Structure formats: structure tokens, C-alpha cells
Amino acid sequence: MANNMLHLTPPHREVPGCYAFPAEKIQLGTSAAAVSLPVVDISRSRDEVCRAILDAGKEMGFFQASHIVKPRPVVNHGVPDQVMRDMESVCVEFFRLPAEDKAALYSEDPRKTNRLFCGALYGNSGEKYWRDCLRLACTFPVGKSTEDWPGNPQRFPYVYLRRSEIMDANLKFISFVATKHAYREVAEKFTVLTRGLGMELLRLLCQSLELRHDYFEGDLSGSDVILHVNHYPPCPDPSVTLGLPPHCDRGLITLLHPGTVPGLEIAYKGNWIKVEPLPNAFIVNFGLQLEVVTNGLLKSIEHRAMTNVARARTSVATFIMPTQACLVGPAGEFLSEDNPPRYRTMTYGEFSRGYAAVNMGSSPLHINTDLKNIQKI
Ligand SMILES: O=C(O)CCC(=O)C(=O)O
């Protein structure tokens, strides 16, 4: 395993040939400074939030959702700062663990639910990206589905202890509690809250789009939730590598915990713009299935991850997706004589198979045009 994972090999002085792309494939971002995406403050009034999501979504397909520190009872979906910070720190620590602690998770088999792997995005192009990834999946309700998630690192943040335990405990007791499965518990809590936020954003979108309030409940969002814990080690020459190639997310909606180091770039008006992450905010983007349902009103926008020479970067993407059997097509609300369907209705399983089969790597910027065409009429 260690030879195949970037973060487990000694720092590279040069980029190995298999990771290097010709310059024409890496059109460098045009904005020198990172750009702040539109910010949607979810604690504002429901109408304001609905308008802001729709405006941001139509303009860029991306926005940052600043989460609620003290959730208002009416929208009980806040992801507290501490949960975001804990997730960030256990993920960073995970990639610092010795190889033997992670060996059992390593797999190149894309059918494996929970696995650690390096490089490829969909495993079909042969191209290698400067990124190691821990992929995790869980059902909702979670039940026992996180049992195979990593237990390490085992540092157990004190905020998870009950108040009485902190007050009554002597240090020995705390260190005993501290050996519980920190990673799994932190990641599960983060996933439940993040999915809750994603579902709330989908309900808000229903209101903005005049769809029935539960349009995205059920099969449309009913697949396992997938987490990509992306780790991009420092790279000796970021001008020839990609952390992740240009792609649109195939599901419904994605919530990215971008970490503190910039690296995400999004396609905007024919250029790549660098995104400046806001502390403790999620970067939200619409997946291809949301573009299909809205008959193209909302766009799923290409994005990519770039590397940097100095600092490792860790991000966590949470994907909400339809079940394989779910039929996805443009909703009647978006169709009229003047606005016929632009996408075919097909099961998400059929769409995913087409998506996986398309060769990633045909064009430098609009690599995903073909992917959209799978479903385009
Ligand atoms: O790490 C990032 O900024 C982007 C992650 C991403 O696009 C993905 O995991 O699909």
C-alpha cells in the first residue's frame, strides 16, 4: 500500500511522470487572488435564504453556506463549529497515522464501500491525480453502517464527554474515555449533521423553485451518503499536476468542508477561479441530477482541485444522491411548450454507468460536457 499512497511516501523532489499533465491540459486559474463565493447565511429569514440560494445557484452554481452556531429551533440543522473543527482535525490526523494503521482500508476495488485509495477519480482514465482519498459511505438512519469506518485516530475530544464526566473525572478516567473510537464517532456526527443541512437546503430550494416541499425526499436523496476525505500532499510542481480533474458531481447536492488551505477552483465564464474558503462554512454545489430535475435552470458547475507546493490540504465532500433505481428527469413544473425537456428521464443507475464509462480527459476545461450529454436530449 505505502508505495501507492502519496502521503505515505517520502516527499517528492520532482513530480513522477505518471502524475504530470501537459500544460494544455492544465489551464491555470486566471484570478491571481482567490475569490469569495456568494455567502448564504442560513440563519436569516426563510424567504431571504430561499432567494439567496436561488440567486447564487443561478449565477455560479456554487455558494458558501455559513452554518448556524446556535440553531434556531425552526431549522434544527446547524453544524456547530466544534463539529467542523473536530472533523477537520481527525481527518488531518488520520492521514498522519502510520501505514500499518490504515493498511486494512487500502483497496483499489471501486466497488468497496469504505476504502482508502490514491489518484484516480473514476478509475477508468489511467490518469493519476495528486490526491489520496478515504471514501466512506453510510445509510440513513445510520444503524450499523458505520461499523467499518476507521476507529483511528482515537483522540476523543473532551466536548463529547458528558458534563458530569468532565467534572467528576480524574485525569485517568478522561484518558480511559479518550481511547474510544474518535474518528468514527466524530465522522458519524459530522455526516448526520451535514446531511441534515443538505436536506434542509433542498427543502429551501423546493420553496424557491415552487416545488412541493418534499420533492427531494425519498429515492431522489435516498442513496447511501458518500464522504470523500480528500488529502492533497504538498506537490513539488503544482503547475503540472491536478489534485482532482475538472468534473461535475453526479448526485443531487454536495457539501464541501474545504479545510483552511485553498485549492478548489471552479469554472466561471470560461476561466478557472480560485475559491477562498470561509472559516467554518460549507461550500455547496449542485449535482448533475439537480440540473436535470430543474431542466437546466440550476447548473451543475465544473470544478477541480489544485495542489500547492507548501502545505498539505484536507477537504471533506459529502454527497447526497438518488438511489440506483430512482427515475430522474425534468420535473413537470419546469416544462412547457416553450421549454421542452432538455434531458432524458432515466434511472440514476443507468446514468451512473454512462458517467463512469465516459473517458475523462478529452478537453482541458469542459471535460464534463460529454458527461452532461449522457442525459441531454
Ligand atoms: O477538494 C476539493 O476542493 C474538491 C473535492 C471534490 O470536488 C470531490 O471530492 O469531488
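By convention here, each chain's residues receive numbers from 1 onward along its written sequence. Residues qualify for local features only when their pLDDT is at least 70, as the model is predicted, and side-chain atom pairs are given and counted only at 80 or more; totals for whole chains, interfaces and linings, by contrast, use all residues.

1. Thoughts on the overall build of the protein chain
Counted only if it meets this: Only DSSP runs of H or I with at least four residues qualify as helices, and only runs of E with at least two residues qualify as strands; both kinds are numbered from the N terminus onward. Our exposure labels follow a C-beta count within 10 Å of each residue's own C-beta, placed from the backbone: buried means 20 or more other C-beta atoms, exposed means 12 or fewer, and partly exposed covers the counts in between. Contacts here follow a simple rule: the backbone-placed C-beta atoms of the two residues must lie within 7 Å.
Secondary structure summary: the protein chain contains nine helices and 14 strands in total. Here the protein chain holds 377 residues, and the buried ones make up 41% of them. Long-range pairs, those at least 24 residues apart, make up 77% of the contacts in the protein chain between residues at least 6 apart in sequence.

2. Digging into the site of the ligand
Just so we agree on the cut-off: As a rule, any residue with its backbone-derived C-beta atom within 6 Å of a molecule or strand is reported as near that molecule or strand. Gly falls in the polar group here, along with every residue not listed as nonpolar (Ala, Val, Leu, Ile, Met, Phe, Trp, Tyr, Cys, Pro) or charged (Asp, Glu, Lys, Arg).
Taken together, the residues surrounding the ligand are His 228, Asn 230, Leu 244, Asp 249, Leu 256, Pro 258, Gly 263, Leu 264, His 303, Ala 305, Ser 315 and Ala 317. When residues of the shell around the ligand are traced back to their parent elements, those giving at least two are strand 5 (225-232), strand 11 (303-305) and strand 12 (313-320). When grouped by side-chain class, the residues that make up the shell around the ligand number six nonpolar, five polar and one charged.

3. Topic: the confidence of the model for the protein chain
The condition is simple: Per residue, pLDDT measures the predictor's confidence, with a range of 0 to 100.
Summary statistics for the protein chain give a mean pLDDT of 82 and a share of 80% for residues scoring 70 or more. Here residues 359-371 is a poorly scored stretch, pLDDT under 50, and it has 30 contacts once near neighbours within four places are set aside; other chains count.

4. A word on the nonpolar core
Our working definition: Note on terminology: a nonpolar core is a set of buried residues of type Ala, Val, Leu, Ile, Met, Phe, Trp, Tyr or Cys, with members joined through C-beta atoms within 7 Å.
In this structure, Ala 65, Met 87, Leu 201 and Val 284 are the most contacted members of the largest nonpolar core, which totals 89 residues. When residues in this core are grouped by element, the largest group, twelve residues, is from helix 6 (residues 182-209).

5. Focus on the sheet that holds strand 9 (residues 271-274)
Heads up, the condition is: The criterion for strand pairing is that DSSP finds at least two bridges linking the strands in question. Axes here refer to lines fitted to C-alpha atoms; in helices the fit is confined to the stretch in contact. Angles between the N-to-C directions go from 0 to 180 degrees.
Read across the open sheet, the four strands follow the order 6-11-8-9; overall the sheet is antiparallel. Strands at the two margins of the open sheet, each flanked by one partner only, are strand 6 (244-247) and strand 9. Sheet twist, expressed as the mean angle between neighbouring strand axes with direction ignored, is 20°. The pairing of strand 6 with strand 11 spans two bridges and is classified as antiparallel. Bridge pairing in strand 11 links Leu 244 to Ala 305.

6. Some remarks on helix 6
Convention followed: Working rule for helices: expected span equals 1.5 Å times residues minus one.
Helix length check: helix 6 (28 residues) gives 40 Å between terminal C-alpha atoms against 40 Å at 1.5 Å per residue, within 8%. The first or second residue beyond helix 6 is Glu 210, which carries a positive phi of 60°.

7. A few points about the environment of Lys 299
Topologically, Lys 299 is positioned in the loop between helix 7 (288-293) and strand 11. Placed 14 residues apart in sequence, Lys 299 and Asn 285 show a C-alpha to C-alpha distance of 9.0 Å. If near-sequence neighbours (up to four positions away) are discounted, Lys 299 is found in contact with Gly 61, Phe 286 and Glu 291.

8. Thoughts on the packing of helix 2 (residues 81-96) against helix 6
The relative placement of two packed helices is expressed as an angle between their axes plus a distance between the axes. What counts here: Here roughly perpendicular refers to angles of 65 to 115 degrees, roughly parallel to angles under 35, roughly antiparallel to angles over 145, and oblique to all remaining angles. A crossing counts as left-handed when the near helix is turned anticlockwise from the far one by less than a right angle, and as right-handed when that turn is clockwise.
Contact geometry of helix 2 with helix 6 gives a least axis separation of 9 Å together with a crossing angle of 135°. The orientation of helix 2 with respect to helix 6, classified from their angle, is oblique. Relative to helix 6, the crossing made by helix 2 is left-handed. Contact residues: helix 2 offers Val 83, Asp 86, Met 87, Val 90 and Phe 94, while helix 6 offers Ala 182, Tyr 183, Val 186, Ala 187, Lys 189, Phe 190 and Leu 193. Class assignment of the residues belonging to the contact of helix 2 with helix 6 gives a composition of ten nonpolar, no polar and two charged.

9. Remarks on the environment of Asp 41
With respect to the helices and strands, the residue Asp 41 is situated in strand 1 (residues 39-41). The class of Asp 41 is partly exposed, set by 14 C-beta atoms lying within 10 Å. In this structure the C-alpha to C-alpha distance between Asp 41 and Ala 281, which are 240 residues apart in sequence, comes to 9.5 Å.

10. Points about helix 2
The end-to-end C-alpha distance of helix 2, which contains 16 residues, comes to 23 Å, matching closely the 22 Å that a straight helix rising 1.5 Å per residue would cover. Where helix 2 is concerned, the buried positions are Val 83, Met 84, Asp 86, Met 87, Glu 88, Val 90, Cys 91, Phe 94 and Phe 95. Its buried side turned inward, helix 2 meets strand 4 (132-138), helix 6, strand 5, strand 7 (253-257) and strand 12.

11. Concerning the packing of helix 1 (residues 46-59) against helix 6
In contact at an axis separation of 9 Å, helix 1 and helix 6 are set at 90° when each is read in the N-to-C sense. With respect to helix 6, the element helix 1 is oriented roughly perpendicular. Contacts from Val 49, Cys 50, Arg 51, Ile 53 and Leu 54 of helix 1 reach helix 6 at Leu 201, Leu 204, Leu 205, Gln 207 and Ser 208. In the contact of helix 1 with helix 6, the residues fall into seven nonpolar, two polar and one charged.

12. What to know about the pairing of strand 9
Here strand 8 (residues 264-268) runs beside strand 9; their pairing, made up of four bridges, is antiparallel. Counted as the bridge partner of Tyr 268 is Asn 271 from strand 9.

13. What to know about unusual backbone geometry
Along the chain, Phe 140 connects to Pro 141 via a cis peptide bond; the corresponding omega equals -5°. Relative to the elements of secondary structure, Pro 141 occurs in the loop between strand 4 and helix 4 (163-168). Look at the link from Asn 152 to Pro 153: it is a cis peptide, with omega at 0°. Structurally, the position occupied by Pro 153 is in the loop between strand 4 and helix 4. Although it is not a glycine, Lys 269 sits at a positive phi angle of roughly 50°. Mapped onto the elements, Lys 269 comes out in the loop between strand 8 and strand 9. For Lys 269, a count of 7 C-beta atoms within 10 Å gives the class exposed. Positive phi outside glycine occurs at Asn 280, with the angle close to 55°. Checked against the element boundaries, Asn 280 lands in the loop between strand 9 and strand 10 (281-286). A count of 18 C-beta atoms within 10 Å places Asn 280 in the partly exposed class.

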